[in-house]
Amino acid sequence: MKKNEIKTSGKNYPVYIGANIFDSLEKVINTKKVYRNLFLVVDKKFQSLHRQDITRFTLNYSNKIYLHEYEACEANKNFESLLRILNDLITKNYGRDTTVIAIGGGITGDIAGFASSIYSRGVQFVQIPTTLLSAVDSSVGGKTGINFEETKNIIGSFYQPDIVLIDTEFLKTLPDEEIICGMGEIIKYAFLTDIKFFITIKNNLTKLLRLDSSITTKIVEACVNFKGDVVSRDEKESGLRKILNFGHTFAHGIEIEQNFKVKHGQAVIIGLACAIELSKKIGLLEKSLYNDFISLPLALKDKIAISGFDVEHIYEIMKRDKKGRDQKIKFVLLKDVGSLFVDVEAEENDILHSIRQGISYFIK
Ligand code: GLY
(Lines give C-alpha, C1' and ligand atoms only; values in the text may rest on other atoms or scores of the structure.)
Protein backbone atom coordinates (compact mmCIF):
# COMPACT_ATOMS: atom_id res chain seq x y z
CA MET A 1 0.00 0.00 0.00
CA LYS A 2 1.45 3.35 -1.10
CA LYS A 3 0.91 6.44 1.02
CA ASN A 4 0.94 9.94 -0.47
CA GLU A 5 0.57 13.01 1.71
CA ILE A 6 -1.52 15.96 0.52
CA LYS A 7 -0.55 19.23 2.17
CA THR A 8 -2.90 22.18 2.32
CA SER A 9 -2.87 25.27 4.54
CA GLY A 10 -5.63 23.94 6.79
CA LYS A 11 -5.00 20.21 6.72
CA ASN A 12 -2.55 17.51 5.67
CA TYR A 13 -4.01 14.14 4.83
CA PRO A 14 -2.90 10.77 3.53
CA VAL A 15 -4.01 9.15 0.29
CA TYR A 16 -3.51 5.38 0.38
CA ILE A 17 -3.37 3.55 -2.94
CA GLY A 18 -3.17 -0.19 -3.56
CA ALA A 19 -4.97 -3.41 -4.48
CA ASN A 20 -7.14 -5.04 -1.80
CA ILE A 21 -6.46 -2.34 0.77
CA PHE A 22 -10.06 -1.78 1.88
CA ASP A 23 -9.42 -4.23 4.71
CA SER A 24 -6.73 -1.84 5.98
CA LEU A 25 -9.27 0.92 6.46
CA GLU A 26 -9.67 0.20 10.15
CA LYS A 27 -5.91 0.38 10.72
CA VAL A 28 -5.66 3.55 8.66
CA ILE A 29 -8.54 5.16 10.54
CA ASN A 30 -6.97 4.24 13.85
CA THR A 31 -3.68 5.84 12.84
CA LYS A 32 -5.44 9.08 11.97
CA LYS A 33 -7.75 8.81 15.00
CA VAL A 34 -10.98 9.84 13.34
CA TYR A 35 -14.25 9.42 15.26
CA ARG A 36 -15.86 5.99 15.38
CA ASN A 37 -19.41 7.28 14.93
CA LEU A 38 -19.66 6.43 11.28
CA PHE A 39 -22.14 7.72 8.78
CA LEU A 40 -21.62 6.00 5.45
CA VAL A 41 -22.90 7.47 2.21
CA VAL A 42 -22.69 4.57 -0.21
CA ASP A 43 -23.48 4.48 -3.91
CA LYS A 44 -26.32 1.98 -4.36
CA LYS A 45 -24.63 0.27 -7.32
CA PHE A 46 -21.45 -0.25 -5.30
CA GLN A 47 -23.42 -1.43 -2.28
CA SER A 48 -25.13 -4.15 -4.30
CA LEU A 49 -21.78 -5.43 -5.60
CA HIS A 50 -19.67 -5.15 -2.43
CA ARG A 51 -22.14 -5.51 0.47
CA GLN A 52 -19.92 -8.02 2.25
CA ASP A 53 -16.82 -5.79 2.17
CA ILE A 54 -18.72 -2.96 3.82
CA THR A 55 -20.33 -5.13 6.48
CA ARG A 56 -16.98 -6.71 7.39
CA PHE A 57 -15.43 -3.30 8.00
CA THR A 58 -18.31 -1.69 9.85
CA LEU A 59 -18.86 -4.59 12.23
CA ASN A 60 -15.29 -4.43 13.44
CA TYR A 61 -14.77 -0.76 13.74
CA SER A 62 -17.73 1.39 14.63
CA ASN A 63 -19.25 2.68 17.86
CA LYS A 64 -22.29 3.68 15.93
CA ILE A 65 -23.05 3.12 12.31
CA TYR A 66 -25.62 4.14 9.74
CA LEU A 67 -25.54 3.38 6.07
CA HIS A 68 -27.23 5.91 3.81
CA GLU A 69 -27.76 4.44 0.34
CA TYR A 70 -27.48 7.02 -2.39
CA GLU A 71 -28.55 6.59 -5.99
CA ALA A 72 -25.63 8.38 -7.61
CA CYS A 73 -26.36 10.29 -10.81
CA GLU A 74 -26.04 13.95 -11.79
CA ALA A 75 -29.81 14.48 -11.56
CA ASN A 76 -29.67 13.35 -7.91
CA LYS A 77 -26.71 15.56 -7.02
CA ASN A 78 -29.20 18.12 -5.80
CA PHE A 79 -30.79 19.77 -2.76
CA GLU A 80 -33.32 16.98 -2.22
CA SER A 81 -30.61 14.34 -1.92
CA LEU A 82 -28.50 16.60 0.27
CA LEU A 83 -31.47 17.17 2.57
CA ARG A 84 -32.03 13.42 2.81
CA ILE A 85 -28.44 12.95 3.99
CA LEU A 86 -28.69 15.82 6.49
CA ASN A 87 -32.07 14.58 7.70
CA ASP A 88 -30.61 11.12 8.40
CA LEU A 89 -27.65 12.65 10.23
CA ILE A 90 -30.05 14.63 12.45
CA THR A 91 -32.69 11.98 13.07
CA LYS A 92 -30.09 9.29 13.81
CA ASN A 93 -28.57 11.64 16.41
CA TYR A 94 -25.16 12.17 14.90
CA GLY A 95 -23.17 14.85 16.67
CA ARG A 96 -19.97 16.74 16.02
CA ASP A 97 -18.01 13.57 16.74
CA THR A 98 -19.06 12.03 13.42
CA THR A 99 -17.04 10.66 10.55
CA VAL A 100 -18.83 10.69 7.21
CA ILE A 101 -17.41 8.11 4.82
CA ALA A 102 -18.20 8.46 1.13
CA ILE A 103 -18.00 5.18 -0.76
CA GLY A 104 -18.64 5.57 -4.47
CA GLY A 105 -17.71 7.72 -7.44
CA GLY A 106 -17.28 11.46 -7.85
CA ILE A 107 -20.96 12.30 -7.44
CA THR A 108 -21.17 10.43 -4.13
CA GLY A 109 -17.92 12.01 -2.90
CA ASP A 110 -19.05 15.51 -3.89
CA ILE A 111 -22.43 15.40 -2.15
CA ALA A 112 -21.21 13.51 0.95
CA GLY A 113 -18.27 15.91 1.24
CA PHE A 114 -20.60 18.90 1.02
CA ALA A 115 -22.89 17.42 3.69
CA SER A 116 -19.80 16.86 5.90
CA SER A 117 -18.71 20.45 5.44
CA ILE A 118 -22.00 21.95 6.61
CA TYR A 119 -23.26 19.42 9.15
CA SER A 120 -22.51 20.65 12.68
CA ARG A 121 -20.20 23.23 11.08
CA GLY A 122 -18.08 20.45 9.67
CA VAL A 123 -17.49 16.83 10.66
CA GLN A 124 -14.70 14.45 9.75
CA PHE A 125 -14.73 13.06 6.25
CA VAL A 126 -13.19 10.03 4.55
CA GLN A 127 -13.21 9.47 0.78
CA ILE A 128 -13.25 5.93 -0.58
CA PRO A 129 -13.42 6.45 -4.34
CA THR A 130 -14.61 3.39 -6.22
CA THR A 131 -14.54 4.66 -9.82
CA LEU A 132 -11.49 5.42 -11.93
CA LEU A 133 -12.53 9.06 -12.30
CA SER A 134 -12.89 9.65 -8.58
CA ALA A 135 -9.65 7.75 -7.89
CA VAL A 136 -7.54 9.87 -10.23
CA ASP A 137 -9.23 13.20 -9.66
CA SER A 138 -12.28 14.11 -7.61
CA SER A 139 -11.53 12.32 -4.32
CA VAL A 140 -8.45 14.48 -3.77
CA GLY A 141 -8.41 18.25 -3.44
CA GLY A 142 -11.50 19.02 -1.39
CA LYS A 143 -13.99 20.25 -3.98
CA THR A 144 -17.49 19.35 -2.78
CA GLY A 145 -20.91 20.41 -3.97
CA ILE A 146 -24.19 19.88 -5.73
CA ASN A 147 -25.78 21.01 -8.98
CA PHE A 148 -28.58 23.56 -9.18
CA GLU A 149 -30.91 23.67 -12.17
CA GLU A 150 -28.65 23.90 -15.23
CA THR A 151 -25.41 24.73 -13.44
CA LYS A 152 -23.02 22.07 -12.21
CA ASN A 153 -21.41 22.28 -8.75
CA ILE A 154 -22.67 25.84 -8.29
CA ILE A 155 -23.38 25.27 -4.59
CA GLY A 156 -20.48 23.84 -2.66
CA SER A 157 -17.39 24.28 -0.56
CA PHE A 158 -13.71 23.53 -0.37
CA TYR A 159 -13.52 20.88 2.32
CA GLN A 160 -10.50 18.61 2.42
CA PRO A 161 -11.03 15.00 3.52
CA ASP A 162 -9.17 13.52 6.50
CA ILE A 163 -8.24 10.35 4.66
CA VAL A 164 -8.52 9.07 1.08
CA LEU A 165 -8.28 5.33 0.46
CA ILE A 166 -8.15 4.05 -3.12
CA ASP A 167 -8.55 0.29 -3.45
CA THR A 168 -7.79 -0.45 -7.11
CA GLU A 169 -9.45 -3.86 -6.73
CA PHE A 170 -12.84 -2.11 -6.66
CA LEU A 171 -12.19 -0.76 -10.17
CA LYS A 172 -12.45 -4.30 -11.54
CA THR A 173 -16.23 -4.38 -11.17
CA LEU A 174 -16.72 -1.14 -13.09
CA PRO A 175 -18.66 -1.17 -16.37
CA ASP A 176 -16.68 -0.12 -19.50
CA GLU A 177 -18.46 3.24 -19.55
CA GLU A 178 -16.96 4.12 -16.15
CA ILE A 179 -13.44 3.22 -17.30
CA ILE A 180 -13.90 5.58 -20.27
CA CYS A 181 -15.00 8.32 -17.85
CA GLY A 182 -11.83 7.87 -15.79
CA MET A 183 -9.79 8.00 -19.00
CA GLY A 184 -11.17 11.51 -19.58
CA GLU A 185 -9.42 12.82 -16.46
CA ILE A 186 -6.29 10.71 -17.08
CA ILE A 187 -5.94 12.22 -20.57
CA LYS A 188 -6.38 15.65 -19.01
CA TYR A 189 -3.41 14.92 -16.72
CA ALA A 190 -1.40 13.74 -19.75
CA PHE A 191 -1.63 17.29 -21.11
CA LEU A 192 -1.00 18.97 -17.76
CA THR A 193 2.10 17.15 -16.58
CA ASP A 194 5.06 16.51 -18.90
CA ILE A 195 5.93 14.90 -22.21
CA LYS A 196 7.14 11.67 -20.57
CA PHE A 197 3.77 11.14 -18.88
CA PHE A 198 1.95 12.18 -22.08
CA ILE A 199 3.80 9.49 -24.06
CA THR A 200 3.22 6.89 -21.33
CA ILE A 201 -0.53 7.53 -21.46
CA LYS A 202 -0.58 7.55 -25.25
CA ASN A 203 1.31 4.25 -25.48
CA ASN A 204 -0.70 2.52 -22.78
CA LEU A 205 -4.30 3.40 -23.63
CA THR A 206 -5.26 -0.19 -24.36
CA LYS A 207 -3.70 -1.49 -21.15
CA LEU A 208 -5.40 1.25 -19.15
CA LEU A 209 -8.76 0.50 -20.74
CA ARG A 210 -8.52 -3.06 -19.50
CA LEU A 211 -7.17 -1.86 -16.12
CA ASP A 212 -3.94 -3.82 -16.54
CA SER A 213 -2.52 -3.83 -13.04
CA SER A 214 1.06 -3.34 -14.32
CA ILE A 215 0.15 0.25 -15.23
CA THR A 216 -3.13 1.27 -13.56
CA THR A 217 -1.87 1.76 -10.00
CA LYS A 218 1.16 3.73 -11.24
CA ILE A 219 -1.04 6.05 -13.30
CA VAL A 220 -3.54 6.57 -10.45
CA GLU A 221 -0.63 7.44 -8.19
CA ALA A 222 0.93 9.83 -10.73
CA CYS A 223 -2.39 11.70 -11.18
CA VAL A 224 -2.94 11.93 -7.41
CA ASN A 225 0.62 13.19 -6.88
CA PHE A 226 0.30 15.81 -9.59
CA LYS A 227 -3.07 16.98 -8.31
CA GLY A 228 -1.84 16.99 -4.71
CA ASP A 229 1.05 19.24 -5.71
CA VAL A 230 -1.25 21.68 -7.53
CA VAL A 231 -3.77 21.73 -4.66
CA SER A 232 -1.05 22.30 -2.07
CA ARG A 233 0.07 25.39 -4.00
CA ASP A 234 -3.40 26.76 -4.74
CA GLU A 235 -6.10 25.10 -2.65
CA LYS A 236 -8.92 27.58 -3.39
CA GLU A 237 -8.33 27.91 -7.14
CA SER A 238 -7.15 31.48 -7.26
CA GLY A 239 -4.66 30.73 -10.04
CA LEU A 240 -2.69 27.56 -10.74
CA ARG A 241 -5.47 25.13 -9.79
CA LYS A 242 -7.53 26.43 -12.69
CA ILE A 243 -5.42 24.24 -15.01
CA LEU A 244 -7.27 21.24 -13.56
CA ASN A 245 -10.37 22.56 -15.34
CA PHE A 246 -8.80 21.97 -18.78
CA GLY A 247 -11.66 20.81 -21.04
CA HIS A 248 -14.22 21.14 -18.23
CA THR A 249 -15.97 24.36 -19.27
CA PHE A 250 -16.93 22.73 -22.57
CA ALA A 251 -17.65 19.44 -20.77
CA HIS A 252 -20.14 20.97 -18.34
CA GLY A 253 -22.01 22.62 -21.22
CA ILE A 254 -22.12 19.34 -23.16
CA GLU A 255 -23.26 17.22 -20.18
CA ILE A 256 -26.13 19.55 -19.40
CA GLU A 257 -27.18 20.10 -23.01
CA GLN A 258 -27.20 16.31 -23.48
CA ASN A 259 -29.37 15.92 -20.36
CA PHE A 260 -26.59 13.93 -18.65
CA LYS A 261 -26.90 11.11 -21.20
CA VAL A 262 -23.21 11.85 -21.71
CA LYS A 263 -21.47 11.23 -18.40
CA HIS A 264 -18.99 13.69 -16.89
CA GLY A 265 -15.81 11.83 -17.84
CA GLN A 266 -17.05 11.20 -21.38
CA ALA A 267 -17.92 14.89 -21.68
CA VAL A 268 -14.39 15.74 -20.48
CA ILE A 269 -12.96 13.75 -23.41
CA ILE A 270 -15.14 15.74 -25.84
CA GLY A 271 -14.39 18.94 -23.91
CA LEU A 272 -10.65 18.32 -24.29
CA ALA A 273 -11.14 17.99 -28.05
CA CYS A 274 -13.06 21.32 -28.07
CA ALA A 275 -10.37 23.02 -25.95
CA ILE A 276 -7.61 21.78 -28.28
CA GLU A 277 -9.60 23.10 -31.25
CA LEU A 278 -9.97 26.51 -29.58
CA SER A 279 -6.28 26.57 -28.64
CA LYS A 280 -5.43 26.06 -32.31
CA LYS A 281 -8.09 28.48 -33.56
CA ILE A 282 -6.78 31.41 -31.53
CA GLY A 283 -3.19 30.66 -32.54
CA LEU A 284 -1.92 29.46 -29.16
CA LEU A 285 -1.32 25.87 -30.24
CA GLU A 286 0.94 25.41 -33.25
CA LYS A 287 -0.35 23.31 -36.12
CA SER A 288 2.74 21.08 -35.88
CA LEU A 289 1.65 19.90 -32.40
CA TYR A 290 -2.08 19.89 -33.03
CA ASN A 291 -2.31 16.51 -34.80
CA ASP A 292 -0.43 14.71 -32.05
CA PHE A 293 -2.54 16.33 -29.33
CA ILE A 294 -6.00 15.96 -30.84
CA SER A 295 -5.28 12.28 -31.53
CA LEU A 296 -5.33 11.52 -27.79
CA PRO A 297 -9.01 12.33 -27.03
CA LEU A 298 -9.91 11.04 -30.49
CA ALA A 299 -8.37 7.65 -29.69
CA LEU A 300 -11.49 7.13 -27.53
CA LYS A 301 -14.03 8.48 -30.00
CA ASP A 302 -15.52 5.08 -30.80
CA LYS A 303 -16.43 4.65 -27.14
CA ILE A 304 -18.66 7.73 -26.98
CA ALA A 305 -21.68 8.47 -29.13
CA ILE A 306 -23.60 11.70 -29.57
CA SER A 307 -26.47 11.85 -32.03
CA GLY A 308 -26.94 15.61 -32.22
CA PHE A 309 -26.40 18.84 -30.28
CA ASP A 310 -27.49 22.45 -30.04
CA VAL A 311 -24.36 24.57 -30.18
CA GLU A 312 -26.12 27.78 -29.03
CA HIS A 313 -27.55 26.02 -25.98
CA ILE A 314 -24.12 24.65 -25.03
CA TYR A 315 -22.68 28.15 -25.40
CA GLU A 316 -25.43 29.63 -23.16
CA ILE A 317 -24.77 27.01 -20.47
CA MET A 318 -21.04 27.71 -20.64
CA LYS A 319 -21.70 31.41 -20.09
CA ARG A 320 -23.63 30.56 -16.93
CA ASP A 321 -20.87 28.24 -15.68
CA LYS A 322 -19.19 29.46 -12.51
CA LYS A 323 -15.96 30.11 -14.35
CA GLY A 324 -17.58 32.99 -16.26
CA ARG A 325 -19.42 35.13 -13.73
CA ASP A 326 -18.91 38.31 -15.75
CA GLN A 327 -20.52 36.57 -18.75
CA LYS A 328 -17.10 36.22 -20.35
CA ILE A 329 -16.09 32.61 -20.49
CA LYS A 330 -12.60 32.02 -19.16
CA PHE A 331 -10.86 29.07 -20.79
CA VAL A 332 -7.89 26.94 -19.90
CA LEU A 333 -6.05 26.52 -23.19
CA LEU A 334 -3.02 24.60 -24.38
CA LYS A 335 0.25 25.77 -25.88
CA ASP A 336 2.17 22.57 -25.28
CA VAL A 337 2.20 19.64 -22.88
CA GLY A 338 2.78 21.15 -19.43
CA SER A 339 2.24 24.67 -20.80
CA LEU A 340 -1.31 25.90 -20.28
CA PHE A 341 -2.84 29.33 -20.08
CA VAL A 342 -5.74 30.10 -17.74
CA ASP A 343 -8.42 32.81 -17.89
CA VAL A 344 -8.17 33.06 -21.68
CA GLU A 345 -11.08 34.86 -23.34
CA ALA A 346 -12.12 34.16 -26.91
CA GLU A 347 -14.40 35.53 -29.61
CA GLU A 348 -17.90 34.06 -29.76
CA ASN A 349 -17.38 32.81 -33.33
CA ASP A 350 -14.19 30.96 -32.36
CA ILE A 351 -15.92 29.37 -29.37
CA LEU A 352 -18.89 28.24 -31.46
CA HIS A 353 -16.52 26.86 -34.10
CA SER A 354 -14.59 24.89 -31.46
CA ILE A 355 -17.76 23.42 -29.96
CA ARG A 356 -18.97 22.33 -33.40
CA GLN A 357 -15.60 20.98 -34.48
CA GLY A 358 -14.77 19.24 -31.17
CA ILE A 359 -18.13 17.51 -30.89
CA SER A 360 -18.30 16.56 -34.58
CA TYR A 361 -15.71 13.78 -34.04
CA PHE A 362 -18.08 12.03 -31.64
CA ILE A 363 -21.28 12.23 -33.72
CA LYS A 364 -22.62 8.81 -34.71
N1 GLY B 1 -11.40 18.63 -10.79
C2 GLY B 1 -10.76 19.89 -10.73
C3 GLY B 1 -10.28 20.27 -9.37
O4 GLY B 1 -10.39 19.50 -8.44
O5 GLY B 1 -9.82 21.36 -9.18
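Below, the structure is looked at part by part.

Calculation rules
Residues numbered from 1 in each chain as written. Predicted model: local features only at pLDDT ≥ 70, side-chain atom pairs only at ≥ 80, totals over all residues. Heavy atoms only, no water. Pairing = 2+ DSSP bridges. Helix = DSSP H or I, 4+ residues; strand = E, 2+ residues; numbered from the N terminus. Axes fitted to C-alpha atoms, helices over the stretch in contact; angles between N-to-C directions. Contact = heavy atoms within 4.5 Å. Near = heavy atom within 4 Å. Polar contact = N/O pair within 3.5 Å; in protein donor to acceptor, adjacent residues only side chain to side chain. Areas by Shrake-Rupley, 256 points an atom, 1.4 Å probe, with all protein chains shown as cover. Buried < 20%, exposed > 50% of the residue type's maximum accessible area, 1.4 Å probe, protein only. Arc of directions from axis to C-beta. Parallel < 35°, antiparallel > 145°, perpendicular 65-115°, else oblique. Left-handed = near helix turned anticlockwise from the far one by under 90°. 1 Å grid on protein atoms, 1.4 Å probe; cavity = no way out; pocket = protein on both sides within 12 Å on 5 of 7 lines; lining within 4 Å. Points joined across faces, edges and corners; volume = space filled by probe spheres on them. Nonpolar A, V, L, I, M, F, W, Y, C, P; charged D, E, K, R; others polar. Core = buried A, V, L, I, M, F, W, Y, C linked by side-chain atoms within 4.5 Å. Salt bridge = Lys/Arg side-chain N within 4 Å of Asp/Glu carboxyl O. Phe/Tyr/Trp six-rings, centres within 6.5 Å; stacked < 30°, edge-to-face > 60°.

1. What about the sheet that holds strand β3 (residues 37–43)?
1) Next: With mixed pairing, the seven strands of this open sheet are ordered in space as β1-β2-β9-β6-β5-β3-β4. Looking at which strands have only one partner, the edges of the open sheet turn out to be β1 (2–7) and β4 (64–70). For this sheet, the mean inter-axis angle between neighbouring strands, taken without regard to orientation, is 15°.
2) Next: In the sheet, β3 pairs with strand β5 (residues 98–104) via six bridges, with the strands oriented parallel. Within the sheet, the bridge partner assigned to Leu-38 lies in β5 and is Thr-99.
3) Next: Packing against the sheet, helix α1 (residues 25–32) makes contact with β2 (12–18), β5, β6 (124–129) and β9 (163–167), and its axis sits at approximately 165° to β9.

2. So, the site of the ligand
1) Next: Every residue lining the ligand is accounted for by Asp-137, Lys-143, Lys-227, Glu-237, Arg-241, Leu-244 and Asn-245.
2) Next: Here Lys-143 contributes a side-chain N or O atom positioned 3.0 Å from an oxygen atom of the ligand.
3) Next: Separating an oxygen atom of the ligand from a side-chain N or O atom of Lys-227 is a distance of 2.6 Å.
4) Next: A total of 200 Å² of accessible area belongs to the ligand in isolation, and the protein chains cover 90% of it.

3. Overview of α1
Each turn of an α-helix holds 3.6 residues, which means side chains three or four residues apart point in the same direction.
1) Next: Burial in α1 covers these residues: Leu-25, Val-28 and Ile-29. Across the axial projection of α1, the buried residues extend over an arc of 100°, all falling on one side. Among the exposed residues of α1, those pointing more than 90 degrees away from its buried face are Lys-27 and Thr-31.
2) Next: Lys-33 sits one or two positions beyond α1 and adopts a positive phi of about 55°.

4. What about the packing of helix α13 (residues 311–320) against helix α14 (residues 348–360)?
Axes are the key here: two packed helices are described by the angle between their axes and the distance separating the axes.
1) Next: Relative orientation of the contacting elements α13 and α14 amounts to 120°, with a least axis distance of 10 Å. With respect to their mutual orientation, α13 and α14 come out oblique. α13 and α14 meet at a crossing whose hand is right-handed. Of α14, the residues touching α13 (which contributes Val-311, Glu-312, Ile-314, Tyr-315 and Met-318) are Glu-348, Ile-351, Leu-352, Ile-355, Arg-356 and Ile-359.

5. Thoughts on unusual backbone geometry
A negative phi holds for most residues other than glycine; trans holds for most peptide bonds.
1) Next: The backbone phi angle of Lys-33 is positive, close to 55°, even though this residue is not glycine.
2) Next: In this structure, Lys-33 sits in the loop between α1 and β3.
3) Next: One non-glycine residue with positive phi stands out, namely Phe-260, at about 65°.
4) Next: The residue Phe-260 is located in the loop between α10 (248–257) and α11 (264–281) in this model.

6. Some words on the pairing of strand β7 (residues 143–148)
1) Next: In the sheet, β7 pairs with strand β8 (residues 151–158) via five bridges, with the strands oriented antiparallel. By the bridge assignment, Phe-148 is partnered in β8 with Thr-151.
2) Next: The antiparallel hairpin formed by β7 and β8 contains two residues in its connecting segment, where Glu-149 sits at a positive phi of about 50°.

7. Describing the side chain of Ser-81
1) Next: Counting through the fold element by element, Ser-81 comes out in helix α3 (residues 79–91).
2) Next: Judged by relative accessible area, which is 3%, Ser-81 ranks as buried.
3) Next: When sequence neighbours within four positions are dropped, the list of residues in contact with Ser-81 reads Tyr-70, Asn-76 and Ile-111.

8. Focus on empty space enclosed by the protein
1) Next: Across all of its chains, the model carries one cavity of 30 Å³ or more by this definition.
2) Next: There is about 30 Å³ of room inside the largest cavity.
3) Next: Every residue lining the largest cavity is listed: Asn-245, Phe-246, Gly-247, His-248, Thr-249, Phe-250, Ala-275, Lys-330, Phe-331 and Val-332.
4) Next: Counting only elements with at least two residues in the lining of the largest cavity, the list comes to α10 and β10 (331–336).
5) Next: A total of three residues in the lining of the largest cavity trace back to one element, the largest contributor, which is α10.
6) Next: Partitioned by chemical class, the residues of the lining of the largest cavity number five nonpolar, four polar and one charged.

9. Details of the nonpolar core
1) Next: Among the nonpolar cores identified, the biggest contains 78 residues, and Phe-246 and Phe-250 are the most heavily contacted of them.
2) Next: Ignoring sequence-local partners within four residues, the contact set of Phe-250 consists of Gly-271, Cys-274, Ala-275, Leu-278, Met-318, Phe-331, Ile-351, Ser-354 and Ile-355.

10. Comments concerning the pattern of salt bridges
1) Next: Applying the stated criterion to the full structure yields 20 salt bridges.
2) Next: Ionic pairing is found between Glu-221 and Lys-2, a salt bridge with its closest N-O pair at 3.4 Å. One end of the pair, Glu-221, is in helix α9 (residues 213–233); the other, Lys-2, is in strand β1, and 219 residues separate them in sequence.
3) Next: Accessibility expressed as a relative area gives 14% for Glu-221, which makes it buried.
4) Next: Through salt bridges with shared partners, a single network forms among Asp-137, Glu-185, Lys-188 and Lys-227.

11. Description of the packing of aromatic side chains
1) Next: Here the structure, examined in full by the defined rule, presents eleven aromatic pairs.
2) Next: Pairing Phe-46 with Phe-170 gives two aromatic rings, centres 4.8 Å apart and planes at 85°, and the pair type is edge-to-face. In this pair, Phe-46 sits in helix α2 (residues 44–61) while Phe-170 sits in the loop between β9 and α6 (176–192), placing the two residues 124 residues apart along the sequence.
3) Next: By relative accessible area, Phe-46 is classed as buried at 5%.
4) Next: Looking at Phe-170, the relative accessible area reads 4%, which means it is buried.
5) Next: Cluster of aromatic residues (ring-pair linked, three or more members): Phe-191, Phe-198, Phe-246 and Phe-293.

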